[in-house]
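# Summary of structural features
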Amino acid sequence: MNAAAQWMTIGSMVLCGLSMGTVFDVYRVAARRFHIARWMLPPLDLIYWAAATLCVFAVLLRYNHGEVRLFVFLGLGIGVTGYFGLFSGWVVRLSGWLFEAIKRVSLLLWRIVRVLLIIPVSWLVRFLAKLIDIVFIILAAILLVLYRLAAKLLRPPGRWLWARLMPVRRRMQPIVLAWKRAKEKWRQIRELFQKKE
């Protein structure tokens, strides 16, 4: 490996260290801002370090054919310490401001959606429900009036028909009486067996 390739590897490792520090600070600010539970932090740290390791090895494969040497760790150390010494405070403030801006924009979008969509739809649903109630009450009143009118109109023909059916009713009366007596006997037998139990 020539000196140019080594300097390229050291430079890429310094950039990897800077980016690892930046991502770590953004992750810390996000964990505080979104109130992530303490028990979730170790698994998230593990995910962060696994992703950082994979990214570093991907860069090493691209620039150094995957060879791990002392200057690789030196470049990572320079990048991380340089980041935390020079840029960490700015990145923490900037990411805090970005998260706050995202929060405010999302609240504004929620309010806009609520005012333009949810509230009018709820008003429309309430209006339609009241309209359906009114239509139902009007239809029920109309049907009740029509029923009473039909009952008044059909009462005389009904009385005439009832009188004409009197011979049929008289012939059916013994059958109806026998049915009532059988029902009564069956009820008495059932009560008798229930008392024995």
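Refer to the structure presented above.
Read on for an overview of the structure. This one's a predicted model, so the numbers in the text were calculated from it and none came from an experiment. (Residues numbered from 1 in each chain as written. Predicted model: local features only at pLDDT ≥ 70, side-chain atom pairs only at ≥ 80, totals over all residues. Heavy atoms only, no water.)

## Comments concerning the packing of aromatic side chains
All told, the structure shown has seven aromatic pairs when counted by the stated rule. Ring geometry for F24 and Y27: centres 6.1 Å apart, planes at 55 degrees, overall tilted. One end of the pair is F24 and the other is Y27, both in helix α1 (residues 3-33) and three residues apart, which spans about a single turn. Both rings, one in F24 and one in Y48, keep their centres 5.5 Å apart while their planes meet at 50 degrees; by these two values the pair is tilted. With F24 in helix α1 and Y48 in helix α2 (residues 41-64), this residue pair connects regions lying 24 residues apart in the sequence. Looking at F24, the relative accessible area reads 23%, which means it is partly exposed. Relative accessible area serves as the criterion here: at 10%, Y48 is assigned to the buried category. Put simply, the rings of F24, Y27, Y48 and W49 touch in pairs and so form one group of aromatic residues. (Phe/Tyr/Trp six-rings, centres within 6.5 Å; stacked < 30°, edge-to-face > 60°. Helix = DSSP H or I, 4+ residues; strand = E, 2+ residues; numbered from the N terminus. Buried < 20%, exposed > 50% of the residue type's maximum accessible area, 1.4 Å probe, protein only.)

## Some words on the pattern of salt bridges
According to the stated counting rule, one finds six salt bridges in the structure shown. Ionic pairing is found between R28 and D25, a salt bridge with its closest N-O pair at 2.6 Å. Of this pair, R28 and D25 both sit in helix α1, three residues apart, which is roughly one turn of the helix. R104 is the partner of E100 in a salt bridge, and the nearest nitrogen-oxygen pair spans 3.3 Å. With E100 and R104 both in helix α4 (residues 88-164) and four residues apart, this pair spans about one turn of that helix. Using a relative accessible area of 58% as the deciding quantity, one classes R104 as exposed. Here the salt bridges do not stand alone but share partners, grouping R33, E100 and R104 into one network. (Salt bridge = Lys/Arg side-chain N within 4 Å of Asp/Glu carboxyl O.)

## What to know about the packing of α1 against α2
Across the interface, α1 lies against α2 with an axial gap of 10 Å and an inter-helix angle of 160 degrees. Relative to α2, α1 is oriented roughly antiparallel. Classified by chirality, the crossing of α2 by α1 is right-handed. Residue-level inspection shows M8, T9, S12, M13, C16, M20, G21, V23, F24, Y27 and A31 of α1 in contact with α2, the latter providing L41, L44, D45, Y48, W49, A52, V56, V59, L60, Y63 and N64. (Axes fitted to C-alpha atoms, helices over the stretch in contact; angles between N-to-C directions. Parallel < 35°, antiparallel > 145°, perpendicular 65-115°, else oblique. Left-handed = near helix turned anticlockwise from the far one by under 90°. Contact = heavy atoms within 4.5 Å.)

## Notes on α4
Counted at 1.5 Å a residue, the expected span for α4 with its 77 residues is 114 Å, and the 105 Å between its end C-alpha atoms agrees. A bend of about 40 degrees at R155 is the largest found in α4, and the proline P156 appears one to four places after it. All of the buried residues along α4 are S88, V91, S95, G96 and F99. At its buried positions, α4 is contacted by α1 and α3 (70-86). (Expected span 1.5 Å × (residues − 1). Bend = angle between axes of the 7 residues up to and from the residue.)

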